[in-house]
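# Topology and contacts: notes
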Amino acid sequence: MVLYTGGSAFFALRREILSQRTFSIIKPDAVRKGHTAAILAEIEGAGFKIVAIKRASISKAQAEGFYAVHAGRPFFPELTEFMSSGPIFPMVLEKENAIADLRKLMGATDPAKAEEGTIRKKYAESIGENAIHGSDAEETAAFEIGYFFAGLELK
Ligand code: CMP
C-alpha cells in the first residue's frame, strides 16, 4: 500500500524552512489605553504565531540597554523614560518573512505618516508614543529576543 502524504508534508517542511522570528513590544501607551488585545488580534489575524509573550515592567537602565543603538540621539532620554513608564508586553513572533511583514503591519514610526489600516495609524498618537516596536533586521531580532527571553521560553 502506498500512503500519500506528499502535499501537506511538503508545505509543513516549507513553512519550517522559511519561517522567521521577530521581536515586538506592545508599548506603555497602548497598554495604558487598553489596546493590548486588539493589537494581538491584528498580529494573529495577519498570520503570526505568538511563540512567547509576557507582561513586564522595565527600569530606565534596562530600557537604555535595549535601545543602546539609539544612545546619543536627541530623543533617547524621552524614549527610555517612556518605555520605563508602565507595563509592556514583549513578545516573539513567527511566520514567513516575519521581520518585514511585522514592520508593514505596524506602519511608519511616526503615526502621522503611517498608512491607513496599520497598527500605528489606528492605535498610536505620536512618534514618541507609537504603540508598538518591531525589530528591523535579523541581528537586531536576535539581540532583542535574547534581551527579554531565555532559550527555554522559546520552545
Ligand atoms: P521604535 O520602533 O521602538 O524604535 C526606536 C524608537 O525611538 C521609535 O520606535 C520611536 O518611538 C522613537 N523615536 C524615533 N524617532 C523619534 C523622535 N524623533 N522623537 C521621539 N522618539 C523617536
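Below is a summary of the structure that appears in this document. What you see is a predicted model; the values in this text were computed from it and never measured. Note that residues are indexed from 1 along each chain, following the sequence as it is written. Selection of residues for local features in this predicted model requires a pLDDT of at least 70, selection of side-chain atom pairs for listing and counting requires 80 or more, and totals for whole chains, interfaces and linings are taken over all residues. Heavy atoms from the whole structure form the basis of all side-chain values; hydrogens and water molecules are not counted.

## Things to note about the overall build of the protein
A tally of regular secondary structure across the protein gives eight helices and four strands. Helix and strand labels come from DSSP, where a helix needs a run of H or I of at least four residues and a strand needs a run of E of at least two; each type is numbered from the N terminus. If you list the helices and strands of the protein from N to C, you get α-β-α-α-β-α-α-β-α-α-β-α. Here the C-alpha coordinates of the protein stretch approximately 70 × 35 × 25 Å along the principal axes. In the protein, which comprises 155 residues, the proportion classed as buried is 42%. Between two residues, a contact is recorded if the distance between any of their heavy atoms is within 4.5 Å. Within the protein, residue pairs in contact and separated by at least 24 positions form 77% of the contacts whose partners lie at least 6 positions apart. Counting only carbon and sulfur atoms, one obtains 57% of the accessible surface of the protein, whose full area is about 8700 Å². Positive residues here are Lys and Arg, negative ones are Asp and Glu, while His and the chain termini are left out of the count. By convention, the charge on Lys lies at NZ, on Arg at CZ, on Asp at CG and on Glu at CD. Taking the average place of the 19 positive charges on the side chains of the protein and the average place of its 20 negative ones, the gap between the two points comes to 2 Å. Think of it in three bands: with a 1.4 Å probe and only protein chains considered, a residue is buried below 20% of the maximum accessible area for its type, exposed above 50%, and partly exposed in between. Computed with a 1.4 Å probe, the accessible areas rest on the Shrake-Rupley method; for each residue, only the protein chains presented here act as cover.

## Description of a nonpolar patch on the surface
There is a patch of nonpolar side chains on the surface, built from Leu13, Ile17 and Leu18 and spanning about 300 Å² of accessible area. With respect to the helices and strands, Leu13 occurs in helix α1 (residues 6-18). What makes a patch is a set of residues exposed beyond 30% relative accessible area and free of salt bridges, joined within 9 Å when like-charged and within 5 Å when nonpolar (Val, Leu, Ile, Met, Phe, Trp, Tyr). A side-chain nitrogen of Lys or Arg and a carboxyl oxygen of Asp or Glu constitute a salt bridge if their distance falls within 4 Å.

## Section: the sheet that holds strand β2 (residues 49-53)
Here we have four strands laid out as an open sheet, ordered β2-β3-β1-β4, and antiparallel in their pairing. Of all the strands in the sheet, just β2 and β4 (132-134) have a single pairing partner and so form its edges. Ignoring which end each strand starts from, the neighbouring axes of this sheet average 30° apart. Where strand β1 (residues 19-26) and strand β3 (residues 89-96) come together, eight bridges link them in antiparallel fashion. Among the inter-strand pairings, Ile26 is bridged to a residue of β3, identified as Phe89. Axes here refer to lines fitted to C-alpha atoms; in helices the fit is confined to the stretch in contact. Angles between the N-to-C directions go from 0 to 180 degrees. Set on the sheet, helix α6 (residues 98-106) makes contact with β1, β3 and β4; between it and β1 the angle comes to about 35°. We call two strands paired when DSSP finds no fewer than two bridges between them.

## Observations regarding the site of the ligand
Only heavy atoms are used to decide nearness, and a residue is near a molecule or strand if one of them lies within 4 Å of it. Around the ligand lies a shell formed by Lys27, Tyr67, His70, Phe75, Glu78, Leu79, Thr109, Arg120, Ile127, Gly128, Asn130 and His133. Nitrogen and oxygen atoms within 3.5 Å of one another constitute a polar contact, given that in protein one can donate a hydrogen and the other can accept it, and given that sequence-neighbouring residues count only through two side-chain atoms. Here an oxygen atom of the ligand and a side-chain polar atom of Lys27 are 2.7 Å apart. Asn130 is positioned with one of its side-chain polar atoms (N or O) 3.3 Å from an oxygen atom of the ligand. Taken by itself the ligand offers 460 Å² of open surface, and the protein chains cover 80% of this. Of the residues contributing to the shell around the ligand, the split by class is four nonpolar, five polar and three charged. Under the grouping applied here, Gly and all other residues not named as nonpolar or charged are polar, the nonpolar ones being Ala, Val, Leu, Ile, Met, Phe, Trp, Tyr, Cys and Pro and the charged ones Asp, Glu, Lys and Arg.

## Here's the deal with the pattern of salt bridges
Scanning all chains against the criterion turns up eight salt bridges. For Arg21, the salt bridge is made with Glu94, and the minimal N-O distance between the two is 2.6 Å. Highlighted residues: Arg21 in strand β1 and Glu94 in strand β3, separated in sequence by 73 residues. Its salt-bridge partner being Glu94, residue Lys49 comes within 3.9 Å of it at the nearest N-O pair. With a gap of 45 residues between them, Lys49 in strand β2 and Glu94 in strand β3 connect regions that are remote in the sequence. Exposure remark for Glu94: the relative accessible area of 16% places this residue in the buried category. Three or more residues are tied together by salt bridges with common partners; here these are Arg21, Lys49 and Glu94.

## Comments concerning unusual backbone geometry
Positive phi, close to 60°, is recorded for Asn97, a residue that is not glycine. Structurally, Asn97 can be placed in the loop between β3 and α6. Although it is not a glycine, Ala131 sits at a positive phi angle of roughly 70°. Examined against the element boundaries, Ala131 turns out to sit in the loop between α7 (119-123) and β4.

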